[in-house]
Each structure stands twice: as C-alpha cells, then as structure tokens.
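The chain contents come next:
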Amino acid sequence: MPPIVKVADLRKTYDSGFEALKGVNLEINEGEIIALLGPNGAGKTTLISAICGITMPTSGQVLVAGHDVVRDYRKARDLIGLVPQELSLEAFETVNASVSFSRGLFGRPRNQGFVDDVLARLSLLDKKDSKIMALSGGMKRRVLIAKALAHEPRILFLDEPTAGVDVELRKDMWAVVEHLRSQGVTIILTTHYIEEAEAIADRVAVINKGEILLVEEKAALMARMGRKELTIQLSDPAAAIPDTLSAYDLTLSKDGTHLVYAYDTRAERTGITTLLSDLQKAGLQMADLSTKQSSLEEIFVGLVKEDA
C-alpha cells in the first residue's frame, strides 16, 4: 500500500537566506501515529505547513493520497485536519457555529449530530452555545481540535496540541487520538511532552536544523539506541568501588547502598553474569536487582546533541 503522505527532497529557503528545510524525505503510512520530534526551530512547523499547503516549498514535492499539494491543493487539503499551535479563533462566535463553519468550509453537508459527537468527545457539548471569548485557554484548544475534525479528515496534524493545557485535556486528547486511529485516521503529532509520544506513537521521526535525522519504529528505536541500567542494591553500604571492578561501567550512590551498571542492549553480551560473580569475589553482597531502559526523551536528547 502506498504511503498516504509522501515528502520528497522538500526544501524551504526564506528570502533572508535561512534554510528551514534541507531536502526532507518522509513517508507516512495510512492509519499510523507518527511523532515528529525536534527542538525549537528544527523545522517541524515549516514541514507541517508545507504538507498542508500553507507554506510554498522552494523545491521538492509533497503528495497527499496521490495529490500534489501545489497542483492539486484543494483535493489534498480536503483530506487534512490541522490543529495549529496558535489559538486563532473568532472571539464573538459560539463554539457550535465555529465548528459547523469549519465543516461547511470544506463543503461538507450540515450534520449537527456529527458536530455534537465531536464536541462530546472533547467535553465541549455543554459549551456549544457559549462564545469563544468566554472560554478558558484549555477549552479554546479543544475548540481548535473540534474544528480540525469537523470535516472528517483522513489525516490529522497536531502541532503542539496540548502545550500549556491541563492534564485533563491531555487525557481527553489522547482518548480522541486512539478513537480516530481505530477509524483509520492517520495522525502526525509534534509535542514537547515526549512521554506522550512514547505512549501513543507507532513511529518516531526526529528533525533538527531542517533535516530528518531518523525515522524508525518506536520500539525498534528504543531497543537499538536505548541503554539499560542495572541497579544493584547492596546488603551493606560500600565506601568505594573495589579496584577489581574497575573494568565495569559502575557508579556508586552517595550513601554507598546502590551500584548502577550501564550496558548497551545491542552488545553481544551484557556482562551482567560476570559482574555479579566478580561482586561476590570483591566481598560485596547483593540484596536486590532492578533494571531501567532509556526513555525516548533520553534518546532524543542524545540524537540532537550528536547533531549539534
């Protein structure tokens, strides 16, 4: 099955000479959730804007379900829902009218039942007749999401959708995301809350300085690049790490009660078996063991630092 979004050698250079995108290549599969991660200024919003037809690329091509976003703009844009970072809403409009207008803007017939369903899933139904100006920041963010879903898009872009909002909204948002995915909607997410990407994304793309550093299945990425830590709780505190254990990557806690051993999950051997044997030989008695895998955030930070 061909990708629902295909980005080929996409470049964007502004009049100032700044290169926001430097030959980006990216394929997004139908029905997946892909997290686009990158530091501020990495090119995330520019890439989303180019795919949505908001920003004209300098060169390259973007296809949405086979439609070129420049030549077939209307057909491509009709398939896309976009939740922008900015709270751009008409203050004196009601919630219901605002969402219904977005549906009509894409030529969809009036369907109050569908609009009510979207509002209900975002905990907005009791606010449908309220004016936008009377809503809190979190509620306004929910309205933006409802407007993006109003025309029943096949692809949904969420550009920092939960930035600066409460935990309740985030939970509502991810419940909506899971529901949409179950209906076959493709979701592209940018977020500063990397733990959210770790929780719901199928794949992760990392962008920095206008270039894609990698695109990989989340689980495979964490297995390939993640380091594990083995924490060894000692029966009796140690004053220092014995010289006989100097060959191991060990760290002793300040109170001397724990040893932390870092190892690479890609290595042929972890060295744990020989370490535990050498611990006994060094006279250190083990009380307990626990392991910890590197988080997606730690991997992301490492990748960006390497590219700096």
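Calculation criteria
- Residues numbered from 1 in each chain as written.
- Predicted model: local features only at pLDDT ≥ 70, side-chain atom pairs only at ≥ 80, totals over all residues.
- Heavy atoms only, no water.
- Axes fitted to C-alpha atoms, helices over the stretch in contact; angles between N-to-C directions.
- Helix = DSSP H or I, 4+ residues; strand = E, 2+ residues; numbered from the N terminus.
- Parallel < 35°, antiparallel > 145°, perpendicular 65-115°, else oblique.
- Left-handed = near helix turned anticlockwise from the far one by under 90°.
- Contact = heavy atoms within 4.5 Å.
- Nonpolar A, V, L, I, M, F, W, Y, C, P; charged D, E, K, R; others polar.
- Salt bridge = Lys/Arg side-chain N within 4 Å of Asp/Glu carboxyl O.
- Buried < 20%, exposed > 50% of the residue type's maximum accessible area, 1.4 Å probe, protein only.
- Phe/Tyr/Trp six-rings, centres within 6.5 Å; stacked < 30°, edge-to-face > 60°.

Moving on: the packing of helix α3 (residues 95–105) against helix α5 (residues 137–149). The N-to-C vectors of α3 and α5 enclose an angle of 30°; their axes lie 7 Å apart at closest approach. Judged by the inter-axis angle, α3 sits roughly parallel to α5. Here α3 runs over α5; the crossing is right-handed. Side by side, α3 and α5 meet where Val95, Ser98, Val99 and Ser102 of the first sit next to Val143, Ala146 and Lys147 of the second. Looking at side-chain class alone, the contact of α3 with α5 contains four nonpolar, two polar and one charged residues.

Quick look at the pattern of salt bridges now. For the coordinates displayed, the defined rule picks out ten salt bridges. Its salt-bridge partner being Glu152, residue Arg103 comes within 2.9 Å of it at the nearest N-O pair. With a gap of 49 residues between them, Arg103 in helix α3 and Glu152 in the loop between α5 and β7 (155–159) connect regions that are remote in the sequence. A residue is classified by how much of its surface remains accessible, and Arg103, at 5% relative accessible area, is buried. A salt bridge links Glu178 to Arg181; the nearest nitrogen and oxygen atoms lie 3.7 Å apart. Note that Glu178 and Arg181 are positioned in helix α6 (residues 167–182) at a spacing of three residues, about one turn of the helix. The network of salt bridges with shared partners includes Glu178, Arg181 and Asp202.

Another point: the packing of aromatic side chains. This structure, assessed with the given rule, holds one aromatic pair. With 6.1 Å between their ring centres and 80° between their planes, Tyr248 and Tyr261 make a pair best called edge-to-face. With Tyr248 in the loop between β11 (227–234) and β12 (250–252) and Tyr261 in strand β13 (residues 258–264), this residue pair connects regions lying 13 residues apart in the sequence. Judged on exposure class, the residue Tyr248 and its partner Tyr261 are both buried.

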